[in-house]
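# Inside the fold
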Amino acid sequence: MRHAILVEGHGNNAEVLQETIRILDDAEIDFWIHWDKRFKKPTLTSYKSKLHFIKSIKNNWGADTQIITEKKLLEAVSKKKYDYIHLISSSDIPLMTANYFKSYFKNEVYIGFFNSKNQISDRIKYYYPTRFLNLRKDPFKLKRVIFSIMVLLQKLLRIDRLRNSNYKIKKGSNWFSIKKKYISNILEFDDSIFMYSFLADELYIQTILGDFEDSIDNKDGNCRYIDWNRGRPYVFTEKDTRELSNLINTKYSFARKVNNANIPRKIFQDL
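Residues numbered from 1 in each chain as written. Predicted model: local features only at pLDDT ≥ 70, side-chain atom pairs only at ≥ 80, totals over all residues. Heavy atoms only, no water.

## Structural notes on the overall build of the chain
Convention followed: Each helix is a run of DSSP H or I of at least 4 residues and each strand a run of E of at least 2, with the numbering of both proceeding from the N terminus. Radius of gyration here uses only the C-alpha atoms, and the compact-globule reference equals 2.2 Å multiplied by the residue count raised to the power 0.38. Accessibility here uses a 1.4 Å probe with only protein chains present; expressed as a share of the type maximum, an area under 20% marks a residue as buried, one over 50% as exposed, and anything in between as partly exposed. When checking whether two residues touch, look at their non-hydrogen atoms; a contact exists if any pair is within 4.5 Å. By the counting scheme adopted, Arg and Lys are positive, Glu and Asp are negative, and His together with the chain ends is not counted. By convention, the charge on Lys lies at NZ, on Arg at CZ, on Asp at CG and on Glu at CD.
The number of helices and strands found in the chain is nine helices and nine strands. For 271 residues, the compact-globule estimate of 2.2 N^0.38 gives 18 Å, and the chain sits close to it at 19 Å. The buried share among the 271 residues of the chain stands at 54%. Taking as baseline every contact in the chain between residues at least 6 positions apart, the subset at least 24 positions apart corresponds to 75%. Across the chain, the 47 positively charged side chains and the 32 negatively charged ones have centroids separated by 4 Å.

Below, the structure written as structure tokens:
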């Protein structure tokens, strides 16, 4: 089976992604990469996998630009011949060898669903300026003040974008693996409600493909090893190499979050 790995990348260092490509380098596994426009496009190499870069945009944390980027990647592979599509970040590393990866996937979709007590609908209920405000770079908290004032005004004006709608809003991890045939469900969905949103990338796929929720083990539904107990999420370090090594070729396709390229080098050095 043929696989397309879609990568949302950013930053000035792509060593972790290069290791991911090296580990999964295979004629049946291609990489389609979006690199945040604010950073120089990295030079990446492979022997067997085909590497494709798509036209980039500025991608702000928490903004609808993350959904726009996701759609651009899906559109890029929608007419190509693949069996499975996988969305990862440049801070993800494989926990499978290429041969195990190619033979592992059997289900229709691998999506994570979370039972959230928070008002997740608020993320798309109001209009948010996150497309224009990078909240991760806000040393004096001025952007967050603007953000809060805009939301407060909308509450006072009783703005509700979900009024008279019948959306069943669901939440989960934005990283997923699906059979390619479901790309059409995503691209044909009227996603206007997800524009000018906040953290809606964690609602997007789950809402569109929500009918799969009852058939998925929600704990590890997307086959990703992500630790939310030690961090938000936890960033694995070299002291965690044994932990990660023990998970190779099990039920986890990728681990995140990893910023050190020595980690994948070490856990795959004997394979």
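## A word on the pattern of salt bridges
Going by this rule: Salt bridge, as used here: a side-chain nitrogen of Lys or Arg that lies within 4 Å of a carboxyl oxygen of Asp or Glu.
As enumerated under the stated definition, the model contains 18 salt bridges in all. Across the pair E19 and R265 runs a salt bridge, and its minimum N-O distance is 3.3 Å. Taken as a pair, E19 in helix α1 (residues 15-23) and R265 in helix α9 (residues 262-267) lie far apart in primary sequence, 246 residues in all. Note on R265: relative accessible area 32%, which makes it partly exposed. With a closest N to O distance of 3.6 Å, K239 and D240 form a salt bridge. Classification of K239 as exposed rests on a relative accessible area of 65%. Take D240: its relative accessible area is 4%, and that puts it in the buried class. The structure contains a network of salt bridges with shared partners spanning D227, R230, K239, D240 and E243.

## Describing the packing of helix α2 (residues 65-77) against helix α7 (residues 201-208)
Geometrically, a packed helix pair is captured by the angle between its two axes and the distance between the axes. Heads up, the rule is: Between N-to-C directions, angles cover 0 to 180 degrees, with each direction set by a line fitted to C-alpha atoms, over the stretch in contact for helices. Here the word oblique covers every angle except those under 35 degrees (roughly parallel), over 145 (roughly antiparallel) and from 65 to 115 (roughly perpendicular). Under the scheme applied, nonpolar residues are Ala, Val, Leu, Ile, Met, Phe, Trp, Tyr, Cys and Pro; charged residues are Asp, Glu, Lys and Arg; polar residues are all the others, including Gly.
At a minimum axis distance of 8 Å, the contact between α2 and α7 shows a crossing angle of 50 degrees. Between α2 and α7, the crossing angle belongs to the class labelled oblique. Side by side, α2 and α7 meet where Q66, I67, E70 and K71 of the first sit next to D201, Y204 and I205 of the second. Here the residues of the contact of α2 with α7 sort into three nonpolar, one polar and three charged.

## A short note on the sheet that holds strand β1 (residues 3-9)
Rules: Here, a strand pair is defined by DSSP locating no fewer than two bridges between the strands.
Here we have six strands laid out as an open sheet, ordered β3-β2-β1-β4-β7-β6, and mixed in their pairing. The sheet is open, and its two edges are formed by β3 (51-53) and β6 (109-110), each paired on a single side. Of the pairings in the sheet, the one linking β6 to strand β7 (residues 177-179) comprises two bridges and is antiparallel in character. Bridge pairing in β7 links V109 to I178.

## A short note on a positive patch on the surface
Applicable threshold: The patches reported here contain residues having more than 30% relative accessible area and no salt bridge. Joining distances are 9 Å for like charges and 5 Å for nonpolar side chains (Val, Leu, Ile, Met, Phe, Trp, Tyr). In this description, accessible areas are obtained by the Shrake-Rupley approach with a 1.4 Å probe, and a residue is regarded as covered only by the protein chains that are shown.
On the surface, a cluster of positive charge is contributed by K37, K55, K58 and K72. Counting through the fold element by element, K55 comes out in the loop between β3 and α2. By relative accessible area, K55 is classed as exposed at 74%.

Keep in mind that these numbers describe shape and distance, not what the molecule does.
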